[in-house]
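# Architecture and fold: a report
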Amino acid sequence: MTSRVALVTGGIGGIGTAICRQLARSGHKVATNYRDEAKAKAWQAAQKADGFDFAIVHGDVSDTAGAEAMVKAAEAQLGGIEILINNAGITRDTTFHKMSALQWQDVINTNLNSCFNVTRPVIEGMRERKWGRIVQISSINGQKGQYGQANYAASKAGMHGFTISLAQENAKFGITVNTVSPGYVLTEMVRAVPEDVRAKIAAQIPVGRLGDPDEIAYAVGFLIDERAAWITGANLSINGGHYMGW
Ligand code: CAA
């Protein structure tokens, strides 16, 4: 197995941490970004105590120049990025008629414009080396929409549009580009949904429970494997059967 260099954005969050650990278990060197240094250092130390050695670099993915500097800092520590997981994301849930411009822009900038900001400085190196794996972590709500999430659903649907274009442009360069669309996974983001609303949503999941972050990370590990070279432009739904569109 070849050890690769991976950058997971938002690696400190629930799904992000599970992805970092999955990639490390597969033998890859992993970096993630942070905005809050104290929080990131505490996370890094906790991961180290569990046997995981992750590089951390400062950078806000919603900022074009900041993201470029972040990629350079990660590459200075670990080498050229060969695996990129665009995972960083936020919610600002509210019905559209109450939504402010800032709630719209924050979500689009962090979830979707980040894909440009982080992938743009990484793609040329991947093309030169003729190998790469890029995975967008989208959402079930980019596929089906969600009451209270016009901003989030638009950003997440946009991520897959990005995936399928990038997949076409880079297929000849040994680069695969795919999307993973998680359903409701037990993370801080989902815990922030009011309990009564969350209970109603959970009741709609055929498997009968919320997802575990490791169940998302497992799929990311599958897509970045050397043997997944013929999977590109796909959108893998992992949602306990909550949405089965195809
Ligand atoms: N479908 C139809 N009607 C709905 C509805 C739904 N899904 N949800 C709420 N409503 C209705 C309510 O019944 C209520 O109707 P009445 O006024 O007639 O009683 C009305 O909409 C207002 O609802 P709320 O009282 O809930 O309004 P609010 O302003 O307090 O909250 C909300 C609105 C912010 C959207 C809140 O309902 C909410 O947080 N919903 C959950 C949104 C969600 O699923 N977010 C996912 C976050 S996790 C994530 O994003 C990860 C991922 O990728 C899956």
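Structural data are supplied above this passage.
Source: prediction; values computed, not measured.

### Section: the environment of valine 61
Position of valine 61 among the secondary structure elements: in the loop between strand 3 (55–58) and helix 3 (64–78). Between the C-alpha atoms of valine 61 and threonine 91, which are 30 residues apart in sequence, the distance is 15 Å. When near neighbours in sequence (up to four residues on either side) are disregarded, valine 61 contacts Thr9, Asn33, Ala67, Met70, Ala88, Thr110, Ser114, Asn117 and Val118.

### As for the nonpolar core
Grouped together as the largest cluster of nonpolar side chains are 28 residues, with contacts concentrated most on Ile19, Leu23, Ile85 and Val180. Mapped by element, the contributors of at least two residues to this core are strand 1 (5–8), helix 1 (14–25), strand 2 (29–34), helix 2 (37–49), strand 4 (83–86), strand 5 (132–137) and helix 9 (213–223). For valine 180, the contacting residues outside a window of four places in its chain are Val135, Gln136, Ile137, Ser138, Ser139, Ile216, Val220, Leu223, Asn235, Leu236 and Ile238. Counting residues in hydrophobic clusters, the runner-up holds 22 residues, among them Ala67, Met70, Ile81 and Val177.

### What to know about the state of the cysteines
In protein chemistry, a disulfide is the covalent bond that joins the sulfur atoms of two cysteines. All chains considered together, the criterion is met by zero disulfides. Left unpaired, cysteine 20 is separated from the closest cysteine sulfur, that of cysteine 115, by 16 Å. Of the residues examined, cysteine 20 reaches a relative accessible area of 0% and is grouped as buried.

### What to know about the pairing of strand 5
If a strand is regular, its side chains alternate between the two faces of the sheet. Burial runs high along strand 5: six of the six residues are buried. Every second residue of strand 5 is oriented toward a common face, with Gly132, Ile134 and Gln136 on one face and Arg133, Val135 and Ile137 on the other, all of them buried. In terms of handedness, the path from strand 4 via helix 4 (residues 101–129) over to strand 5 forms a crossover that is right-handed. Sheet topology note: the strand 5/strand 6 (residues 175–182) ladder contains six bridges and is parallel. Looking at the pairing, arginine 133 lines up with threonine 176 of strand 6.

### Regarding the side chain of arginine 133
By the secondary structure assignment, arginine 133 is in strand 5. Put simply, arginine 133 is tucked away with no salt bridge, and the nearest opposite charge, on glutamate 226, sits 5.1 Å away. Of the polar contacts made by the side chain of arginine 133, one reaches the backbone oxygen of aspartate 225; its length is 3.1 Å. Discounting chain neighbours no more than four positions away, the residues touching arginine 133 are Glu82, Ile83, Leu84, Met126, Gly174, Thr176, Leu223, Ile224, Asp225, Glu226, Ala228 and Ala229.

What counts, and at which threshold
- Residues numbered from 1 in each chain as written.
- Predicted model: local features only at pLDDT ≥ 70, side-chain atom pairs only at ≥ 80, totals over all residues.
- Heavy atoms only, no water.
- Helix = DSSP H or I, 4+ residues; strand = E, 2+ residues; numbered from the N terminus.
- Contact = heavy atoms within 4.5 Å.
- Core = buried A, V, L, I, M, F, W, Y, C linked by side-chain atoms within 4.5 Å.
- Buried < 20%, exposed > 50% of the residue type's maximum accessible area, 1.4 Å probe, protein only.
- Disulfide = S-S within 2.5 Å.
- Right-handed = clockwise from strand over helix to strand, strands pointing away.
- Pairing = 2+ DSSP bridges.
- Lys, Arg positive; Asp, Glu negative; His and termini not counted.
- Salt bridge = Lys/Arg side-chain N within 4 Å of Asp/Glu carboxyl O.
- Polar contact = N/O pair within 3.5 Å; in protein donor to acceptor, adjacent residues only side chain to side chain.

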